[in-house]
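Single-letter residue listing:
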Amino acid sequence: MKSNHEGSAQALPLAPEGTAQAASPVALTLALCFAVALLEGLDLQSVGVAARGMSKEFGLSVAQMGLAFSAGTFGLLPGAMVGGRLADSIGRKRVLMLSAVVFGVLSIATAFVSDFGMLVIVRVLTGIGLGGAMPNLIALSSEAVAPRLRGTAVSIMYCGIPLGGGIAAAIGMLAVSDADWRHIFYAGGVGPLLLLPLLAWYLPESRAFAAATSQGRRATPAPMMTVLFSQGRGISTIQLWLSYFCTLIVLYFLLNWLPSLMGARGLARGDIGWVQILFNVGSAVGVLALGYLMDRVRMSLVIGGMYLGMIASLVGLAAAQGFGVLATAAFFAGMFIIGGQSVLYALAAAYYPTAMRGTGVGAAVAFGRIGSVVGPLAAGMLLAVGSSAAVVIGASIPVTIVAALAALMLIRRPRAAD
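Residues numbered from 1 in each chain as written. Predicted model: local features only at pLDDT ≥ 70, side-chain atom pairs only at ≥ 80, totals over all residues. Heavy atoms only, no water.

### Some details on the state of the cysteines
For clarity, the cut-off: In what follows, a disulfide is any cysteine sulfur pair within 2.5 Å. Exposed residues in this analysis have more than 50% of their type's maximum accessible area, buried residues have under 20%, and partly exposed residues fall in between, with area computed by a 1.4 Å probe over protein chains only.
In total, this model carries zero disulfides according to the counting rule given. With no disulfide of its own, Cys33 lies closest to Cys159 among cysteine sulfurs, the gap being 14 Å. A residue is classified by how much of its surface remains accessible, and Cys33, at 0% relative accessible area, is buried.

See below:
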């Protein structure tokens, strides 16, 4: 794998190493993308943190809470598809800024909903903004560095997701009562709007994108079917989609239902908050560690190890009793599940050339988002018919095995030259 990266390292125009000119655009890009990812991570876990308060205020059943969780993730699908497509036409930076406006405004709007129907609608619209941001965060991060460093760059950006989730958990712990659930949506909405001027002034557009579109002139993206299935990319696309779909089933099931499942185990609100924080701390550790290993260790070892870690941590969550064991299992679940998703995001960028990367990555993220809808809904249905927390968690293990097989087959496929 290393030789493949090195062989295409000249595809991106970079200033000489060691100069301020070389470091500054890369550092700015990764820092600002990290900040957007941080706010996205906060919003993604906000409904899970606010679930108990919303459930009491609106009188929601378990099945309705599953629908509320899935509403936001449903919006991620069209958001990722449209956001990725626009990125190849008008640029990654513009689409990222537009997405930040959308999910910022709609997050604030969540705090003003007055009934269940309005909650579902607003969360779907919020998800569209969140979905549009992710393909552009991946593209900007991966195109800011040489191809051999893409895994590290994407992992630095994606580390913001779990840290944002940790902030969400901390806000939930600081709330005086369940009636204070709206505070988390104020925080999640104001942040992106305050960040917008910094994105406008300091975020550089991808130089790789500008070079691929004739000195920055408006590009006409290739037809979507050409991007996804021509020139031998069809099998890679399907394998990538399958690994995304199955991994995101497990990831979003935990992101949304972990607080409720821990509550069903008898944990107090403070203990649930600590379990969530440890889940997100483990996620940050996993994102950085797996991203580092991805650029330096044989890919099959990284992929195989991370999925074995996912399965082991899920077994631990299903079987654990008591706060200490549950917290430890949650830490490792975050490390391997969210850390593993960052690896998949970096992989997606490697299988599509620059001029098609937004479309290709956006389509993969969009297809994976179907899994992010299925996961919370399926968990809600299982809980509604009386399944225990252990059964619900254990049901995600076969899905993880399918994701592992798809990813291991994917890494045998040829990658894009640039």
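Having seen the model, we can carry on.
### Digging into a nonpolar patch on the surface
Which entries qualify depends on this criterion: Patch membership needs two things, relative accessible area over 30% and no salt bridge, and members are linked within 9 Å if like-charged or within 5 Å if nonpolar (Val, Leu, Ile, Met, Phe, Trp, Tyr). Residue-level accessible areas treat just the shown protein chains as cover; the underlying method is Shrake-Rupley with a 1.4 Å probe. Each salt bridge in this description consists of a side-chain nitrogen of Lys or Arg and a carboxyl oxygen of Asp or Glu lying within 4 Å of one another. Helix and strand labels come from DSSP, where a helix needs a run of H or I of at least four residues and a strand needs a run of E of at least two; each type is numbered from the N terminus.
A cluster of nonpolar residues, Leu28, Leu198, Trp201 and Tyr202, forms a patch on the protein surface that exposes about 440 Å² of accessible area. No other element matches helix α8 (residues 183-202), which puts three residues into the nonpolar patch. Following the sequence through the fold, Leu198 ends up in helix α8. Residue classification places Leu198 among the partly exposed positions, given a relative accessible area of 36%.

### Notes on the pattern of salt bridges
Counted according to the given criterion, the structure contains five salt bridges. Between Glu57 and Arg182 there is a salt bridge whose closest N-O contact spans 2.8 Å. Linking Glu57 in helix α2 (residues 20-58) with Arg182 in the loop between α7 (160-174) and α8, this pair joins segments that are 125 residues apart in sequence. Residue Glu143 pairs with Arg92 through a salt bridge whose shortest N-O separation is 2.7 Å. Note that Glu143 is positioned in helix α5 (residues 116-143) and Arg92 in helix α4 (residues 92-110), a separation of 51 residues in sequence. By relative accessible area, which is 4% here, Glu143 ends up buried. Look at Arg92 and you get buried, because its relative accessible area is 0%. One salt-bridge network, held together by shared partners, links Asp88, Arg92, Glu143 and Arg357.

### What to know about the confidence of the model for the protein
In plain terms, the rule: Confidence of the prediction at every residue is given by pLDDT, a number between 0 and 100. A contact between two residues is defined here by any heavy atoms of the two lying within 4.5 Å.
Taken over all residues, the pLDDT of the protein has a mean of 85, while the share at 70 or more is 92%. Counting interchain partners and residues more than four positions distant, the pLDDT-below-50 stretch residues 1-23 has 32 contacts.

### Details of unusual backbone geometry
Positioned with a positive phi, Gln231 is a non-glycine residue whose angle comes to about 50 degrees. Relative to the helices and strands, Gln231 is located in the loop between α10 (224-229) and α11 (233-264). Given a relative accessible area of 71%, Gln231 falls into the exposed group.

### Structural notes on the nonpolar core
What tends to happen in soluble globular proteins is that the nonpolar side chains get buried as a cluster. Put simply, the rule reads: Each nonpolar core is a collection of buried residues, namely Ala, Val, Leu, Ile, Met, Phe, Trp, Tyr and Cys, held together in the definition by side-chain atoms within 4.5 Å. An automatic or database domain assignment supplies the residue ranges for each domain.
Among the nonpolar cores identified, the biggest contains 121 residues, and Met157, Tyr158, Leu254, Ile303, Met306, Tyr307 and Leu347 are the most heavily contacted of them. With 18 residues, the top contributor of residues to this core is helix α14 (residues 323-350). Both of domain 1 (24-205) and domain 2 (224-417) provide at least three residues apiece to this core. Not counting chain neighbours up to four residues away, the residues in contact with Leu254 comprise Phe279, Leu314, Leu317, Ala333 and Ile337. Residues Val26, Leu30, Ala144 and Val145 belong to the second largest nonpolar core, which totals five residues.

### Some details on the packing of helix α3 (residues 62-90) against α11
As a reminder of what qualifies: Axis lines are fitted to C-alpha atoms, over the contacting stretch for helices. Their N-to-C directions set the angle, which ranges from 0 to 180 degrees. An angle below 35 degrees is treated as roughly parallel, one above 145 as roughly antiparallel, one from 65 to 115 as roughly perpendicular, and anything else as oblique. Note: crossing handedness is left-handed where the near helix turns anticlockwise from the far helix by less than a right angle, and right-handed where it turns clockwise.
Where α3 meets α11, the axes come as close as 11 Å, and the angle between the chain directions of the two elements is 130 degrees. As summarised for this structure, α3 and α11 are arranged oblique, according to the angle between their axes. Where α3 crosses over α11, the handedness of that crossing is right-handed. Contacts from Val62, Met65, Gly66, Phe69, Thr73 and Leu76 in α3 reach Tyr252, Asn256 and Trp257 in α11.

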